[in-house]
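Listed below are the residues making up each chain.
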Amino acid sequence: MARSGGPVGGGEPVRRDAEATKAAILRAARHLLARHAHGDITLKAVADRAGVSPPLILKYFGNKDTLFARVMSFEADADALLAAPLEGLGPHMVRHVLLSQSEQGADPLLRIVFAPLHGEQGDILRANFRTQVTDRLTARLTGPDAGLRAELAVATLLGLGVMYGIARGTEVRATAIDALVDRYAPAVQAHLGP
């Protein structure tokens, strides 16, 4: 659903795509949550970062708590991360993490790295990550130690995400994504088999 905005530069009204606007708000809130305590983040700060007005955030999300409940959920991210058959899941997950970093500037899964900064909200973030990411992956695995193998696969992915996106490893970032997938995915896939 689109809505009209005011004229820009005296020209035609701007059409705002609701889904793109919601995505921009969520990206802004994720960015701020990765750097600040939940209680220190204002709707105005989220709106400024997203390039929207605070009332638009209220229109789409209702209030700050609802917005941050969405930000602290990994459900949609896990859907994309796990959207491949088990025999090709390792390469898919590695590619997903790298493309999220290179195309969007962030991998939504990396929010978990900042959980210790957020007190009670960090507990929620950890619980959501466990149930929505690692437990879902565990349920797809067969054989012994499925939970351990799922956690090790996810840990391997997070390490790559941290090196690529947070530490900004020079060599990793200079290497083509296909070459990184070829080199790194076998380590992830190895954890997925019994």
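Heads up: these notes are all about the structure in this document. Predicted, not measured: the structure shown is a model, and the values here were computed from it.

## A few points about the pattern of salt bridges
Where charged atoms from two side chains of opposite charge approach closely, those side chains can pair.
Inference 1: Counted according to the given criterion, the structure contains 6 salt bridges.
Inference 2: Measuring nitrogen to oxygen at the nearest pair gives 3.5 Å for the salt bridge that ties lysine 22 to glutamate 19. Residue lysine 22 and its partner glutamate 19 are both found in helix α1 (residues 18-33); the two are separated by 3 residues, about one turn of the helix.
Inference 3: Here lysine 22 falls in the partly exposed class, since its relative accessible area comes to 24%.
Inference 4: Salt-bridge contacts for aspartate 48 lead to lysine 44; the nearest nitrogen and oxygen are separated by 2.9 Å. Here lysine 44 and aspartate 48 lie together in helix α2 (residues 43-50), a separation of 4 residues that amounts to about one turn. Both residues of the pair, aspartate 48 and lysine 44, belong to the exposed class.

## Examining the environment of alanine 153
Inference 1: Along the polypeptide, alanine 153 turns up in helix α8 (residues 146-166).
Inference 2: The class for alanine 153 is buried, based on a relative accessible area of 0%.
Inference 3: Along the chain, alanine 153 and glutamine 189 lie 36 residues apart, while their C-alpha atoms are 7.5 Å from each other.
Inference 4: Residue contacts for alanine 153: discarding those within four places in its chain leaves Leu137, Val188, His191 and Leu192.

## What to know about the packing of aromatic side chains
Inference 1: Throughout the structure, instances matching the rule amount to 1 aromatic pair.
Inference 2: A ring pair is formed by phenylalanine 74 and phenylalanine 129, whose centres lie 5.1 Å apart and whose planes are at 85°; its orientation type is edge-to-face. One end of the pair, phenylalanine 74, is in the loop between α4 (64-71) and α5 (75-81); the other, phenylalanine 129, is in helix α7 (residues 119-140), and 55 residues separate them in sequence.
Inference 3: Just above the ring of tyrosine 164 sits the side chain of arginine 173; from NZ or CZ to the centre is 4.7 Å.

## Description of unusual backbone geometry
Inference 1: A positive phi angle, close to 55°, is found at aspartate 145, a residue other than glycine.
Inference 2: Locating aspartate 145 in the fold gives a position in the loop between α7 and α8.
Inference 3: Not every positive phi belongs to a glycine, and arginine 168 is a case in point at roughly 55°.
Inference 4: Classification of arginine 168 as partly exposed rests on a relative accessible area of 46%.

## A word on helix α10 (residues 177-192)
Inference 1: For α10, with 16 residues, the first-to-last C-alpha span of 21 Å sits near the 22 Å given by 1.5 Å per residue.
Inference 2: All buried positions along α10 are accounted for by Ile177, Leu180, Val181, Ala185, Val188 and Leu192.

## Details of the packing of α1 against α2
Inference 1: Put simply, α1 and α2 touch, their axes get as near as 8 Å, and they point 120° apart. In terms of orientation, α1 lies oblique with respect to α2. For the pair α1 and α2, the crossing hand works out as right-handed. Of the residues in α2, those in contact with Ala24, Ile25, Ala28, Ala29, His31 and Leu32 of α1 are Ala45, Val46, Arg49 and Ala50.
Inference 2: Classifying every residue of the contact of α1 with α2 by side-chain character gives 8 nonpolar, 1 polar and 1 charged.

## Here's the deal with α8
Inference 1: Compared with the 30 Å implied by 1.5 Å per residue over 21 residues, the 29 Å span of α8 between its first and last C-alpha is a close match.
Inference 2: Regarding α8, the residues found buried are Ala146, Arg149, Ala150, Ala153, Val154, Thr156, Leu157, Leu158, Leu160, Gly161, Tyr164 and Gly165.

## Concerning the nonpolar core
When a protein is soluble and globular, its nonpolar side chains tend to lie buried together.
Inference 1: Ranked by internal contacts, the top residues of the largest apolar core, which has 54 residues, are Ile25, Val46, Ile57, Leu67, Phe68 and Leu137.
Inference 2: With residues near it in sequence (within four places) discarded, leucine 137 still touches Leu82, Leu89, Ala150, Ala153, Val154 and Leu192.

## Observations regarding the packing of α2 against helix α3 (residues 54-61)
The angle between the axes and the distance between the axes are what describe a pair of packed helices.
Inference 1: α3 packs onto α2 with a crossing angle of 100° between their chain directions and a minimal axis gap of 8 Å. Comparing the axis directions of α2 and α3 gives the class roughly perpendicular. On α3, the residues touching Leu43, Lys44, Val46 and Ala47 of α2 are Pro54, Ile57 and Leu58.
Inference 2: Looking at side-chain class alone, the contact of α2 with α3 contains 6 nonpolar, no polar and 1 charged residues.

Reading guide: rules and limits
Residues numbered from 1 in each chain as written. Predicted model: local features only at pLDDT ≥ 70, side-chain atom pairs only at ≥ 80, totals over all residues. Heavy atoms only, no water. Salt bridge = Lys/Arg side-chain N within 4 Å of Asp/Glu carboxyl O. Helix = DSSP H or I, 4+ residues; strand = E, 2+ residues; numbered from the N terminus. Buried < 20%, exposed > 50% of the residue type's maximum accessible area, 1.4 Å probe, protein only. Contact = heavy atoms within 4.5 Å. Phe/Tyr/Trp six-rings, centres within 6.5 Å; stacked < 30°, edge-to-face > 60°. Lys NZ or Arg CZ within 6 Å of the ring centre and 35° of its normal. Expected span 1.5 Å × (residues − 1). Axes fitted to C-alpha atoms, helices over the stretch in contact; angles between N-to-C directions. Parallel < 35°, antiparallel > 145°, perpendicular 65-115°, else oblique. Left-handed = near helix turned anticlockwise from the far one by under 90°. Nonpolar A, V, L, I, M, F, W, Y, C, P; charged D, E, K, R; others polar. Core = buried A, V, L, I, M, F, W, Y, C linked by side-chain atoms within 4.5 Å.

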